[in-house]
Amino acid sequence: MKTIPLVLMLSLLPINFAVSHEIGDTISKKAQQILNIPAGKVGVVDFFASWCASCAKEIPDMKKFIKADTEQKTYVIGIDVDEELEEGLAFQQELAIDFPVINDTDQSLIAEFSPIGMPALYYVIDNKIVGKRIGAVDNIDEKIKADLAKLKVII
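Read on for an overview of the structure. Here the structure is a predicted model, which is why all the values come from computation and not from measurement.

**Quick word on the layout of surface pockets**
In this structure, the largest pocket encloses a volume near 190 Å³. Contributing to the lining of the largest pocket are 13 residues, with Ile37, Pro38, Ala39, Asp126 and Asn127 lying nearest its centre. Elements supplying a minimum of two residues to the lining of the largest pocket: helix H2 (29–35) and strand E4 (120–125). Partitioning the lining of the largest pocket into residue classes produces seven nonpolar, four polar and two charged.

**Side note on the pattern of salt bridges**
Pairing of side chains with opposite charge becomes possible as their charged atoms draw close. Scanning all chains against the criterion turns up seven salt bridges. The shortest N-O distance in the salt bridge between lysine 57 and aspartate 138 comes to 2.4 Å. Linking lysine 57 in helix H3 (residues 53–68) with aspartate 138 in the loop between strand E5 (128–134) and helix H6 (140–150), this pair joins segments that are 81 residues apart in sequence. Of the residues examined, lysine 57 reaches a relative accessible area of 55% and is grouped as exposed. Put simply, arginine 133 and aspartate 147 hold a salt bridge, and the shortest N to O gap is 2.7 Å. Of this pair, arginine 133 sits in strand E5 while aspartate 147 sits in helix H6; the two residues are 14 residues apart in sequence, bridging distant segments of the chain. Take arginine 133: its relative accessible area is 24%, and that puts it in the partly exposed class. The network of salt bridges with common partners includes Asp61, Lys64 and Asp141.

**Side note on the state of the cysteines**
Under the criterion given, the structure shown has one disulfide. Here cysteine 52 connects covalently by a disulfide to cysteine 55, the sulfurs 2.3 Å from one another. One quick way to see it: the torsion about the S-S bond of cysteine 52 and cysteine 55 is about 80°, and its sign makes the bridge right-handed. Comparing cysteine 52 with cysteine 55, the two get one shared label, buried.

**Section: the packing of aromatic side chains**
The full count for this structure, using the stated rule, is four aromatic pairs. Taken together, a centroid distance of 5.2 Å and an interplanar angle of 55° make the contact between phenylalanine 47 and phenylalanine 113 tilted. With a gap of 66 residues between them, phenylalanine 47 in strand E1 (residues 42–48) and phenylalanine 113 in helix H5 (residues 108–113) connect regions that are remote in the sequence. Judged by relative accessible area, which is 0%, phenylalanine 113 ranks as buried. Pairing phenylalanine 48 with phenylalanine 91 gives two aromatic rings, centres 5.9 Å apart and planes at 45°, and the pair type is tilted. With phenylalanine 48 in strand E1 and phenylalanine 91 in helix H4 (residues 85–94), the pair connects residues that are 43 residues apart, well separated along the chain. For the pair phenylalanine 48 and phenylalanine 91, a shared accessibility class is recorded, and that class is buried.

Scoring rules and cut-offs
- Residues numbered from 1 in each chain as written.
- Predicted model: local features only at pLDDT ≥ 70, side-chain atom pairs only at ≥ 80, totals over all residues.
- Heavy atoms only, no water.
- 1 Å grid on protein atoms, 1.4 Å probe; cavity = no way out; pocket = protein on both sides within 12 Å on 5 of 7 lines; lining within 4 Å.
- Points joined across faces, edges and corners; volume = space filled by probe spheres on them.
- Helix = DSSP H or I, 4+ residues; strand = E, 2+ residues; numbered from the N terminus.
- Nonpolar A, V, L, I, M, F, W, Y, C, P; charged D, E, K, R; others polar.
- Salt bridge = Lys/Arg side-chain N within 4 Å of Asp/Glu carboxyl O.
- Buried < 20%, exposed > 50% of the residue type's maximum accessible area, 1.4 Å probe, protein only.
- Disulfide = S-S within 2.5 Å.
- Phe/Tyr/Trp six-rings, centres within 6.5 Å; stacked < 30°, edge-to-face > 60°.

Here is the structure:
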């Protein structure tokens, strides 16, 4: 009887590992097209959902950050990961979200980034992830400013 090497057997298994994006990773062409971060801007990609109480707490501070960015050096884009579109839209309306939001009902963007918690915030420059924050953070607007200063982007 012939034996099959373990490496070959493992390569035949249907494995679907979710690997979270890390600093230094380049986002996929598909994500680049969906996010459409304008050239010369720092993308601030904010994953949130209606079921995430911490996300609801951070949204007003995110809006404060956008107002403080008077030179518009950043492009803030929200990614609502609610699977039910109506729930996501109601959440966005309740919080009066006035920045661009992508409704990721098919979970394609959240699957690509695979954050280990929510809310999840990624900084993207030239399609590369240059920083991230996972989990609830008080005064996220001030934390974003500090993070961007470290990246030599002064707001």
